[in-house]
Amino acid sequence: MGVLALLLIGLVGSGLGQNCREEEPRERECENVCRGDGTCKIRAALLLPKNTTFDASLPVVEPVFELAMQDDVVRDAFPSWVDFEWRRYDVSDCDAAYAVITAIDAYNDCSHVFFGPSCDFALASVARITKFLGNTGIPLVTTGGLTFDFVQPKQSCHHEYYMMVRSGPLGFKDMAYFIIDIMRHYDWRQLLLINEPEAQVHVAGKSTCLLMMKTFANYLKKEDIIYTPWDTTSDGGLNYTENLKFYLGYKYTSNSGGFLMASTIHEYMLLEGIAVFGREMQPQQTYEDLLIQYVGNNFANDKIGEAKR
């Protein structure tokens, strides 16, 4: 609520922003928050999907904003002579093309600030053009923008997403460094990235998991951590057990924990449906028993014999 209030107060004096078109301002009376008759109104556009499949949707978010506007802290932050108006725009299925169309509609309706989109592809499309709308751009506030591209500087017109404000507490970068810190703690230097690209669509729209993995890979490179990517949609008809043989193979099989990694990956994927491994460093079963149980008798016998040699 505090972020909302501070942003909207700043809008009243937004004439100090940059003109990213580098041309003479085009006057539109409706862009002024205050009119000649002494009345002032801030028009905010909610650019979100109606589809409640997505975590951030119009039916879910709009009541939250209305409740926030009734809070004394927010109400007291606005001068008594400033009114506030919400306008809804449906970004159908969080699609990037629909997002641009709704942003243009909101601009034509003289909105002063955009809230959303929250899905990353839709957000990218809108956030690239908001700096060119109006005389000094239209601020865009979002809880999305999870991919690493959105955490780049945004202080001037030369920056891609100038006018965008990320209000969410976390992004994919934060999640990546959470895992990187765990790897540092245990002195792990390489890992297998298991990715189902179109999973978790409700979080950040199309290709949520693919974008997460790209962000993760970006920071793994910076931290000099070796990784092997595994896209589960390009398996060539192989099941998880067969793919573990292929992706883990000789690279991760050793007495230092390779057998354990193969078994725990498979266990988590079957029981939890997520790509997690390495939680237990000292299993109760032997490496031979784990391989036979999770990877298969033939493969286990080959690897056991190879390890003994």
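Conventions used here
Residues numbered from 1 in each chain as written. Predicted model: local features only at pLDDT ≥ 70, side-chain atom pairs only at ≥ 80, totals over all residues. Heavy atoms only, no water. Disulfide = S-S within 2.5 Å. Helix = DSSP H or I, 4+ residues; strand = E, 2+ residues; numbered from the N terminus. Buried < 20%, exposed > 50% of the residue type's maximum accessible area, 1.4 Å probe, protein only. Salt bridge = Lys/Arg side-chain N within 4 Å of Asp/Glu carboxyl O. Axes fitted to C-alpha atoms, helices over the stretch in contact; angles between N-to-C directions. Parallel < 35°, antiparallel > 145°, perpendicular 65-115°, else oblique. Left-handed = near helix turned anticlockwise from the far one by under 90°. Contact = heavy atoms within 4.5 Å. Nonpolar A, V, L, I, M, F, W, Y, C, P; charged D, E, K, R; others polar. Core = buried A, V, L, I, M, F, W, Y, C linked by side-chain atoms within 4.5 Å. Pairing = 2+ DSSP bridges. Polar contact = N/O pair within 3.5 Å; in protein donor to acceptor, adjacent residues only side chain to side chain.

A word on the state of the cysteines
Here is step 1 of the chain: A full pass over the atoms with the stated rule returns three disulfides.
Here is step 2 of the chain: Paired through a disulfide, Cys94 and Cys119 show a sulfur-sulfur distance of 2.0 Å. Residues Cys94 and Cys119 share a disulfide whose torsion about the S-S bond is about 80°; that sign makes it right-handed. Of the two residues, Cys94 sits in the loop between β2 (82–90) and α4 (96–108) while Cys119 sits in the loop between β3 (113–115) and α5 (120–127), which places them 25 residues apart along the sequence. The same class applies to Cys94 and to Cys119, which are both buried.

A closer look at the pattern of salt bridges
Here is step 1 of the chain: Considering all chains together, one arrives at six salt bridges under this definition.
Here is step 2 of the chain: Of the charged contacts in the structure, one is a salt bridge between Glu85 and Lys41, with a shortest N-O distance of 3.5 Å. On the criterion of sequence distance, the pair formed by Glu85 in strand β2 and Lys41 in strand β1 (residues 40–48) is long-range, its members being 44 residues apart.
Here is step 3 of the chain: Each of the salt bridges in this network shares a partner with another, and the network as a whole consists of Lys41, Glu85 and Arg87.

Describing the packing of helix α6 (residues 172–186) against helix α8 (residues 208–222)
Here is step 1 of the chain: Where α6 meets α8, the axes come as close as 9 Å, and the angle between the chain directions of the two elements is 55°. One finds that α6 runs oblique with respect to α8. Crossing angle aside, the handedness with which α6 passes α8 is right-handed. Of α8, the residues touching α6 (which contributes Phe172, Lys173, Met175, Ala176, Tyr177, Ile179 and Ile180) are Thr208, Leu211, Met212, Thr215, Phe216, Tyr219 and Leu220.
Here is step 2 of the chain: Of the residues that constitute the contact of α6 with α8, the class distribution is 11 nonpolar, two polar and one charged.

With respect to the nonpolar core
Here is step 1 of the chain: Counting 23 residues, the largest nonpolar core has Leu47, Phe114, Val126, Leu140 and Met164 as the members making the most contacts within it.
Here is step 2 of the chain: Those elements that provide at least two residues to this core are β1, α4 and α5.
Here is step 3 of the chain: A total of five residues in this core trace back to one element, the largest contributor, which is α5.

Quick notes on the sheet that holds β2
Here is step 1 of the chain: Ordered in space as β2-β1-β3-β4-β5, the five strands form an open sheet in which the pairing is parallel. Edge positions in the sheet fall to β2 and β5 (164–166), since each has one partner strand and no second. Each neighbouring strand pair of the sheet contributes to a mean axis angle of 25°, computed without reference to strand direction.
Here is step 2 of the chain: In this sheet, β5 lies alongside strand β4 (residues 140–142) in parallel orientation, the contact comprising three bridges. Paired with Val141 across the two strands is Val165, which belongs to β5.
Here is step 3 of the chain: Packing against the sheet, α5 makes contact with β1, β3, β4 and β5, and its axis sits at approximately 165° to β4.

Side note on the side chain of Thr208
Here is step 1 of the chain: As for its position among the elements, Thr208 is in helix α8.
Here is step 2 of the chain: Judged by its relative accessible area of 4%, Thr208 falls in the buried class.
Here is step 3 of the chain: From its side chain, Thr208 meets the backbone oxygen of Gln200 in a polar contact 3.2 Å long.
Here is step 4 of the chain: Contact partners of Thr208, with chain neighbours within four places excluded, come to Phe172, Pro197, Ala199, Gln200, Val201 and Val203.

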